[in-house]
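If you want the building blocks of each chain, they are given just below.
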Amino acid sequence: MNRKKDKGFESPRKSVIGFVELTIFPTVVNLNRIKLNSKQCRIYRVRVNDLEAPFIYNDPTLEVCHHESKQRNLNYFSSAYTAAVSAVDPDAGHGELVIKVPSELWKQGDEMNVLKVYIEFSLDQPKGGLHFVVPDVEGNFYSLGCLGWPSVFWFPCVDSYSELCTWKLEFTVDASMVAVSCGDLVETVYTHDMRKKTFHYVLPIPTAASNISLSVGPFEILVDPYMHEVTHFCLPQLLPLLKHSMSYLHEIFEFYEEILTCRYPYSCFKTVFVDEAYVQVSSYASMSIFSTNLLHSAMIIDQTPLTRQCLAQALAQQFFGCFISRMSWADEWVLKGISGYIYGLYLKKTFGVNQYRHWIKEELDKMVEYELKMGGVLLHPTFGGGKDKDNPTPHLHFSIKHPHTLSWKYYKMFQCKAHLVMRLIENRISMEFMLQVFNKLLSLASTASSQKYQSHMWSQMLVSTHSFLKSISNVSGKDIGPLIKQWVDQSAVVKFFGSFAFNRKRNVLELEIRQDYTSSGTQKYVGPIKVTVQELDGSFNHTLQIEENSLKHDIPCHSKSRRNKKKKIPLMNGEEVDMDLSAMDADSPLLWIRIDPDMSILRKVEFEQADFMWQYQLRYERDVVAQEESILALEKFPTPASRLALTDILEQDQCFYKVRQGACFCLAKIANSMMSTWTGPPAMKSLFTRMFCCKSCPNIVKTNNFISFQSYFLQKTMPVAMAQLRDIQNLCPKDVLNFILDLIKYNDNRKNKFSDNYYRAELIDALTNSLTPAISISNEVRTVDNLNGDVRLILEEITRSLNMEKLLPSYRNTITVSCLRAIRMLQKNGHIPSDPSLFKSYAEYGHFVDVRVAALEAVVDYTRVDRSSVELQWLLNMVQNDPAHYIRHKILSMLGKNPPFTKAAESPLCNEALVDQLWKLMNSGTSHDWRLRCDAVNLYYTLFGLTRPSCLPLPELGLVLNLKEKKAVLNPTIKPEQGPDTTQMTGNTMVSSVSMSSGVAPPPQGLKRKLDSVVGPLGSSPPEPGQVLQEEDSSKTLKIREDEIDMESPHDSQAFIHHHLNILERPSTPGKEPPAVDQAVLSLPVTPLPSFSKESTSSSKHSGDHHHHHHHHEHKKKKKKKHKHKHKHKHESKDKERDSHTFSNSPASGRSVRSPSMSD
Amino acid sequence: MKSLMSNSARSGCGKATSSSAENYQLARRRTLQVVVSSLLTECGFESAEKATVESLTEMIQSYISEVGRCAKAYCEHTARITPTLSDAVVTLNEMGFNVDTLPGYAKRSQRMVITAPPVTNAPVIPKALIAGQKRTHPSHIPSHFPEFPDPHTYIKTPTFREPVSDYQVVREKAASQRRDVERALTRFMAKTGETQSLFKDDVTAFPLIAERPSSIPYLSALLPSELELQTLEETDSSEQDDQTDSENTPVNNLNDDPGADKENSVLPAGGVVPLVKVSEENMIDNPYLRPVKKPKVRRKK
C-alpha cells in the first residue's frame, strides 16, 4: 500500500483538513469492503477509484457503556472497554470506518487490480492525537505535536504496527512555520498566494501508520555539526540550549551503529523539541519528539545525564520500534526489550558499570515491587487458546489484550521487565550472540525495506516473539526455552528468603533458601542460582540447583578460620585488601554471602546474615549492588560499628556516589535509632564540615565549586539526610537546623561554573525534612503570633527564596517546586493554616510544568487530609479541561497514588455524584486519550474497587423483582428471537417491553424503593426466574448478576456495526456518528440489573451461554465480515481464529482457574 | 569611627561658641537700636513702630558692615592686614558719603550721648582644629609671615581603614549583605505588587509575591537568567562568545519574526532559514536549509 497525504492547517482555529489516498493491492478477490481506523476525524467523502463510495463511521470507544446503563462496577466496564477496543482492532481486521467498495469496481477487484481510496477528512480542535499549543502572545505562534500512543488519532489509516506501507506526505502550513515529519524532505514550495508553504516528504521505507508523526511550529533549525543528515528543531529563543543539549548526540549514534554493526536505517534523523509534550520521549520513523523541558544549558548538572538518557532511548527505539516494527501487540516486549537493552549498553559505556548496575538494580526493584503489589506483569500474553485462557491476568483490573486498556504504570513496568528479560537472555547466550541476533534482524529488515513494491517481503521488517526466539537459537545454538517460559510466557517474580548456618565441624556452609510462591505476583523458581561466598581465603562462586523440595544446600568452605594470621584477603576482582577481622566470628571463615549477585533471576532476596557481615560487605565488596543491599540491611543494625562502616563509606571518594548518597540516609536512620547512645556531634555534621566547609571557619561553607560531580551530589544529599535526624523530643536538633540555615545563608555561587539551583532546592528540601508536627492545643487557629521560633526562621527562608524566584527564576523552577512542597509540609504539620488556595493558583495553566505538578500534588494531599470535596471537584474539573495532557494524566495518577479515600474506608467524599462523574469520565470523557482513560479506570479502582461502589444505594431487592418481572415478560418475546432472521429490531422490542412491564413508567429510583418494601422477603433467596427463560441451548440456570451484563456491551458495539452494515445496503448517509436514535434503539437491555458480587465465580460459565442465545442471529452476519478480512490480511488464518474469539469470548468470562499464570 | 567621633566633638564645640557669639551680637544690635531710636528722637519723632525701628536698624547695620567690608578689602588690596583711616575714607567716598561733613555732624549740638554697649565677653574665636605640629618657617621665610596652616590641610592623611582580610568576616558580610538586599528587594516587590499570604489573620506577615502565569512558561524556566550568564562570563571567557552570540540570536529573531511574517508575501527568501549562519549554510546540504521554492505555474498534486 502506498499512501499519500495532504494537509492544511489553520492555527487559530486549531483545525486540520486533509485527505488520505491509499493505494490498495488486493491480495484476495472479492474485496468489497474496506475497514480503516479513524479516530475523531470528520470524514467528508470517500472515493474509490474516483467513484463516490458509501461509508459508515462508528467508534465504539467514544462511549464504552451506553448512558442508560446504571451499571457502575469496574468489571463490567473493563470487559466492555476491551470489547469496544477489540471491535475496532486493526490487527483483527476491524476499523471505525467501513467503506463499501462501489459495485462497479467489484469486477476489478476480482482481477486484483489496484484500488485507490481517497478520503477527505478534517479535525476540528482535536482533543487527542494532535496537540495545539497556541500561546497567548502577539504574532502567529503556535506549535503542534503529535501524540497519543498507542493510536493514530489524526488521520484515517490502518492503525496497526504490522501494516507497513511507503509514504508520501505533504503538509501545507503557514509560511512562518516548519512542518517536520517522517522521511526525507524533498522540497518546500510556496502556495500561490505565498502565504503558506507545502512541505513534501517521502518515506520510502515501509512504515506502519502508528510510526508516522508530525510536528509543526515556528521552529529554529539546527543542523547537527557532526552529522549533517541530522536536524534539530526547537522553539524560538531556545537555540543556544539546543546547541548545547545536542552536542553529544553523534556519540550515541556512533555507539549504536558500532554495536549493532548496522548503519542507522533512515537517511535522515530529526529531533523536535515541543512544548506540552505527551511524553518526554517518543520515537517515530526517522524522527523523535521530545519535551522542550529536556533542553538545558552548559551550567546545569543534574539535567544533563537525564537528557542524554532520553536521547539514547529515542535513538534505540529508532532501530527497534520504528524501523523494525512488531507483528502483534503480544510481540511488543521484544521491541521494548531490545531497545531497552541496547540503551542499557549505552548507559554502561557512557556512565560506567557502576551506574549501569545501579540502574539494573533500581529497575529490578521497581518492577519486583510493582509485581508483588499489583500482581504479575505478563510480557507475552497468549490469547485465544480457548475461552478460559481469555484473560491471562485475572489479578488485574484491566485487560492486557490491547495496549489501549493498559494502565500507564503497568506499561512502564512492562517495558522495564522487557529489558530486564533481554539482559537475562544475554546472560545466557552472551552479549556477542545477542548483538549478532540484533544485527541479523536489522539486516534482514533493511534488505526487505529496499525491496520496492514487494510487500510480501516486508514482513521481514516485523518482529515476532517466535521469529526472535528462532534467531536466537539459530545464532547461539542454545535453548532458551525454559527462560522464556519462566519470564516471558508467565508473569510474576520470585521471592527468596535466605539464611545460613556455619557447621564448624564439617567446615561447611549450610545455606537455606526458601521461596514464597503463594502470595500474589510470585512464582516458583526451579533452576540454577548463583551464590557468592567471600571467605578469608578469597571469594568463591557456587551454582546451586533450586529444586522442588530441597531447601538446604551445603557449600564446602575453602578456608579454615584463622584470624590470627595477618594476611591480605583476596576479593572477587582479584584485589587484595587488609581487613580488620576483629569483628568477625572467630570460628567462621565467612565474611559475607550473596545470593544471585548478578541479578540473573527476576527476584527479591531477603537474606539474613550477621551485622558484621553486612558491614564487611559494605566496606569491601566492590559491587555497587552489594553495597546498596548492605546499606539497606544495616538499617536494622543500629550499632556503633554500622555507624563507622557508613561514615567510612561516606568519606571514601572512590566509592560510587549513589552508594554514598544512600549511606547518608541510612546513617540518619541509624542515628535516630541510636539516639540515646549517640555520642559526638550530629551525624554527618563533622563530615560535611570537613569536606565542604572552610578550614579557617568551620561554620561557613566554601564558595560553591561543583567541578567534581561526585562531591556535588554528596554535598546536595547530606543536608537533606541530616535534616531527618531527630532528638529525644522527636524534634530536629537545633544544631542541625542552624547548620542548614547557615548553609543557605553562606551559599555563594559567584565563582561557580555551574548553576546551584538544584543545590539550593535541596537545601529547601532539607528544611522541609526538618519539620516536625507542631505541638498544638486542640483546635487552635494557626496565627502568625504563635509561630514557633524555628519555624519562623524556616518560613522566612522559604518566603524569601520563593519571592526571589519571581525575580530570578531558577532552571526548571526547582526552587519554587521545593518551596511549594515545604509550604505544604508546614501546613500539614500544623504550623501554618492549611489552605489550598496558594497551590491552586500555582497549579493554573501558564506555569512551568514542574511547578504545576508540585502544586497539584499539594492540592491532592490537601484533598486527602482535609477530605475536601471542593478541591476534589476542582481537580476533576482540571482533568477534564486542562490543555496540557501531561497535567491531566498526572492529576489522575497522583490521585490514584494518594487517594482521597479508598474502598476500605468510609468517607464523606464517596457519594453517588462522584461515582457518576468518574464513571462518565472514563466512559466517555476521555475517549481521545487512552492513557487518561486508563488513569481514570485506575482511580476508580483505587476508590471503589472492582465491584459496585459501596456508596451507591443497593437496589438489589427492587431489581430482583424488576428482573423477574422483566423475564416474565421477556420470555415470550425472546422465543421468536430464536429465528435467525430477527435482527436488532428484536432488541428494540425487548427494551420497550421491559419498560412497559415496569408499570406506569415511574422513575426507576422510585420504583426500586417502592418495590423494596413490597418484595422484601424475596430478596434473601433470589428466585430462579431464569427457569422460565430456559432455551434449548442454555441448559443452566439463569442467574442475574453483573457478569451477565458484561456481555451486553460487546454486543452493543458489534451490534452497531452490524446495524450499520445493514444500513449500508441502503443508500448511505455519510455522517460522523450514527444518529442518536439508532443508539438508543440499539442498546440492549442493560438497564438496572443488580450485582451479586459474591456469586461472580460461578457466573462465567453461564454468561457464555447467555451470550450465545442472545446473539445467535449475529453469527450469520459475522461470516460476511470474516471473509472480508481475508482480503486485507496476510495472516488471515490466525486472525480469523482470533477474530471469532473476539465475538464469542469476552474477557469477563475469563475468570478461570485455567489461566496460564495460575496453572503452575 | 574615629572620624565620626571627631565630627561630633567639633559640632559640640560649635554649639558652645555660637551661644556666646550670639550674646555678643545681640548686645551690639541692641546698641544699634538705641542709636536709631535716639536719631529718631533727634529728628523729632515721638514714637516709632517697632517694625520701622527694626528696618532702620537693619539698614544701618548693613551700612556699617559694608563700610567695614570695603575698608578691609582696600587694605588687603594694598597688601596690609589692618585697615587704616585712609582705607575708611576711601570707602566712604566711594559709597557717596562726603567725609568732610563728618566732623561737623559729630560736633552738632543736639546730639544725644548714649551709653556704651554693655561689656560682654568678646566671642571666643573657635579654635582651629590642631592636628599635629605646625611647621615652623624655613630659614628663608621671614618670621612675620603667617604661620603655616595646620598640617592636615596640606598633608595627605590616610582616612581609610585596613581592609578586613579576615575570611570569615568577609563571607559573613557578603552573606548578610546579599540577604539584606534580597530581603529588601522582595519586600519592596511585595509591597508594590500583588501578594499572596500564608496567614489569614495577618496578610502582611511573610508576604509572597503573587505568581503570574506566563504565556510561555518554559522560557523563563529553561533559559539561564542574566545573572547566571554574567557569572558564566566571569568564570569562563571562552564560553563568553558563545553566550553573547546566543543572546543575540534570539533577540534578532524576535525582531525578525513579525517582520518576516509581513514581508513573506513580498520577500519569499526571508523564511526561517536565515537563522543558520550563512557561512555554514554553504557547506551543509540539509533540506531544511534549502530555499523555499516558488510555486510552479501548474502544481502537480
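Thresholds, definitions, all that
- Residues numbered from 1 in each chain as written.
- Chains lettered and ligands numbered in written order.
- Predicted model: local features only at pLDDT ≥ 70, side-chain atom pairs only at ≥ 80, totals over all residues.
- Heavy atoms only, no water.
- Helix = DSSP H or I, 4+ residues; strand = E, 2+ residues; numbered from the N terminus.
- Buried < 20%, exposed > 50% of the residue type's maximum accessible area, 1.4 Å probe, protein only.
- Contact = heavy atoms within 4.5 Å.
- Areas by Shrake-Rupley, 256 points an atom, 1.4 Å probe, with all protein chains shown as cover.
- Lys, Arg positive; Asp, Glu negative; His and termini not counted.
- Salt bridge = Lys/Arg side-chain N within 4 Å of Asp/Glu carboxyl O.
- Polar contact = N/O pair within 3.5 Å; in protein donor to acceptor, adjacent residues only side chain to side chain.
- Core = buried A, V, L, I, M, F, W, Y, C linked by side-chain atoms within 4.5 Å.
- Domains from an automatic or database assignment.
- Patch = residues over 30% accessible without salt bridge, like charges linked within 9 Å, V, L, I, M, F, W, Y side chains within 5 Å.
- UniProt positions renumbered as here; feature names shortened; annotations may be inferred.
- Pairing = 2+ DSSP bridges.
- Axes fitted to C-alpha atoms, helices over the stretch in contact; angles between N-to-C directions.
- Buried area = accessible area lost by both parts, 1.4 Å probe.
- Nonpolar A, V, L, I, M, F, W, Y, C, P; charged D, E, K, R; others polar.
- pLDDT = per-residue confidence, 0-100.
- Parallel < 35°, antiparallel > 145°, perpendicular 65-115°, else oblique.
- Left-handed = near helix turned anticlockwise from the far one by under 90°.

Colleague: Please set out the overall build of chain B residue by residue, giving values where relevant.
Modeller: Helix and strand counts for chain B stand at 10 helices and 2 strands. Each of the 301 residues in chain B was classed as buried or not, and the buried ones make up 22%. Considering only contacts in chain B between residues 6 or more positions apart, those separated by 24 or more positions represent 34%. Accessible surface computed for chain B: about 22,300 Å², of which carbon and sulfur atoms make up 59%.

Colleague: Could you give an account of the side chain of Glu276(A), with specific residues and numbers?
Modeller: All names here are of chain A. When you line up the elements, Glu-276 lands in the loop between β18 (269-274) and β19 (281-284). One buried charged residue, Glu-276, forms no salt bridge at all, with the nearest opposite charge on Arg-852 at 6.3 Å. Of note is the side chain of Glu-276, whose polar atom sits 2.6 Å from the side chain of His-131. Within the local environment of Glu-276, its side chain forms a polar contact with the side chain of Tyr-845, the two groups lying 2.3 Å apart. Leaving out residues up to four positions away in the same chain, Glu-276 has contacts with His-131, Val-133, Tyr-845, Pro-883 and Ala-884.

Colleague: Could you give an account of the nonpolar core, with specific residues and numbers?
Modeller: Residues and elements named next belong to chain A. Counting 339 residues, the largest nonpolar core has Ile-99, Tyr-256, Phe-320, Trp-333, Ile-425 and Phe-468 as the members making the most contacts within it. Per-element accounting of this core gives the leading share, 17 residues, to helix α6 (residues 332-374). The contact partners of Ile-425, leaving out residues within four places of it in the chain, are Ser-430, Met-434, Phe-468, Ile-472, Ile-480, Leu-483 and Ile-484.

Colleague: I'd love a proper account of the environment of Leu763(A), names of residues and values included.
Modeller: Residue and element names in this part refer to chain A. You can see Leu-763 is positioned in helix α18 (residues 757-770). The class of Leu-763 is buried, set by a relative accessible area of 2%. When the C-alpha atoms of Leu-763 and Pro-719 are compared, they prove to be 6.7 Å apart, with 44 residues separating the residues in sequence. Not counting chain neighbours up to four residues away, the residues in contact with Leu-763 comprise Pro-719, Ile-740, Leu-743 and Ile-744.

Colleague: Give a detailed account of the domain arrangement of chain B, specifying residues and quantitative values.
Modeller: Domain annotation for chain B reports domain 1 (21-106) and domain 2 (128-237). Placing a centre on the C-alpha atoms of domain 1 of chain B and another on those of domain 2 of chain B gives a separation of 55 Å.

Colleague: Lay out a nonpolar patch on the surface with the relevant residues and their values.
Modeller: Taken together, the side chains of Leu185(B), Phe188(B) and Met189(B) define a hydrophobic patch exposed on the protein surface, amounting to about 260 Å² of accessible area. Relative to the helices and strands, Phe188(B) resides in helix α6 (residues 167-192).

Colleague: Help me get a handle on the UniProt feature "domain: Bromodomain associated" (unreviewed entry) in chain B, residues and values and all.
Modeller: The sites that UniProt annotates as "domain: Bromodomain associated" (unreviewed entry) are residues 24-101 of chain B. This span, residues 24-101 of chain B, is 76% helix and 0% strand, and a straight line between its end C-alpha atoms measures 31 Å.

Colleague: If you had to explain the sheet that holds strand β26 (residues 538-546) of chain A to someone new, which residues and values would you point to?
Modeller: The strands making up a sheet associate through backbone hydrogen bonding, with each pair oriented either parallel or antiparallel. Residue and element names in this part refer to chain A. Across the sheet, which stays open at both edges, the 3 strands sit in the order β26-β25-β30 with antiparallel pairing between neighbours. The two strands at the open ends of the sheet, each matched to only one other strand, are β26 and β30 (590-595). Each neighbouring strand pair of the sheet contributes to a mean axis angle of 20 degrees, computed without reference to strand direction.

Colleague: How would you explain the interface of chain A and chain B if you had to name every residue and give the values?
Modeller: Counting residues at the interface gives 99 residues for chain A, matched by 73 residues for chain B. Here chain A meets chain B over a buried area of about 7,900 Å², counting both sides, of which 62% is carbon and sulfur. Considering only the surface of chain A that becomes buried against chain B, Tyr190(A), Gln237(A) and Arg800(A) emerge as the three largest contributors, covering 9% of it. Put simply, chain A and chain B have 5 salt bridges between them. The salt bridge involving Arg179(B) is made with Glu797(A); its shortest N-O contact spans 3.0 Å. Where chain A touches chain B, the interface holds 22 residue pairs in polar contact (both at pLDDT 80 or more). When residues of the side of chain A that touches chain B are assigned to their parent elements, the largest contribution, 11 residues, is made by helix α19 (residues 789-807) of chain A. Partitioned by chemical class, the residues of the side of chain A that touches chain B number 49 nonpolar, 28 polar and 22 charged.

Colleague: Before we move on, could you go through unusual backbone geometry and cite the residues and values that matter?
Modeller: Residues and elements named next belong to chain A. Phi at Ala-492 takes a positive value of approximately 85 degrees, unusual for a residue other than glycine. Position of Ala-492 relative to the elements: it lies in the loop between α10 (481-487) and β23 (494-503). In the Ramachandran plot, Met-599 falls in the positive-phi region, its phi being about 55 degrees despite a non-glycine side chain.

Colleague: Requested: an account of helix α12 (residues 624-634) of chain A, with residues and values cited.
Modeller: All names here are of chain A. Burial runs high along α12: 9 of the 11 residues are buried. Of all the residues in α12, the buried ones are Val-624, Val-625, Ala-626, Gln-627, Glu-628, Ser-630, Ile-631, Ala-633 and Leu-634. Of the surrounding secondary structure, the elements contacted by the buried residues of α12 are α6, β30, α11 (611-620), α13 (640-651) and α14 (657-673). Measuring from the side-chain oxygen of the N-cap residue of α12 to the backbone nitrogen of Val-625 gives 3.1 Å; that N-cap residue is Asp-623.

Colleague: Explain the confidence of the model for chain B to me, using residue names and the numbers behind them.
Modeller: All names here are of chain B. Residues of chain B with pLDDT of at least 70 account for 71%, and the chain-wide mean is 74. Taken element by element, the predicted model of chain B shows its lowest mean pLDDT in helix α9 (residues 238-264) (38) and its highest in helix α2 (residues 50-77) (92). Note that residues 1-16 has pLDDT below 50 and, in this model, 1 contact with residues that lie over four places away or in other chains. Taken together, the stretch residues 237-281 has pLDDT below 50 and engages in 42 contacts with residues farther than four places along the chain or on a different chain.

Colleague: Could you give an account of the pattern of salt bridges, naming the residues involved and the relevant values?
Modeller: This model, assessed by the stated rule, comprises 51 salt bridges over all chains. The partner of Arg852(A) in a salt bridge is Asp882(A), and the shortest N-O contact between them spans 2.6 Å. On the criterion of sequence distance, the pair formed by Arg852(A) in helix α22 (residues 849-866) and Asp882(A) in the loop between α23 (869-881) and α24 (885-897) is long-range, its members being 30 residues apart. Through salt bridges that share partners, Glu797(A), Arg800(A), Arg178(B), Arg179(B) and Glu182(B) make up one connected network.

Colleague: Residue-level account of the packing of helix α8 (residues 431-450) of chain A against helix α9 (residues 465-476) of chain A, with values.
Modeller: Residues and elements named next belong to chain A. Contact pair α8 / α9: the axes reach a minimum separation of 9 Å and the direction vectors enclose 125 degrees. Considering their axes alone, α8 and α9 lie oblique with respect to each other. In terms of crossing hand, the pair formed by α8 and α9 is right-handed. Of the residues in α9, those touching α8 at Phe-433, Gln-436, Val-437, Phe-438, Lys-440 and Leu-441 are Phe-468, Ser-471, Ile-472, Asn-474, Val-475 and Ser-476. The class makeup of the residues in the contact of α8 with α9 is 7 nonpolar, 4 polar and 1 charged.

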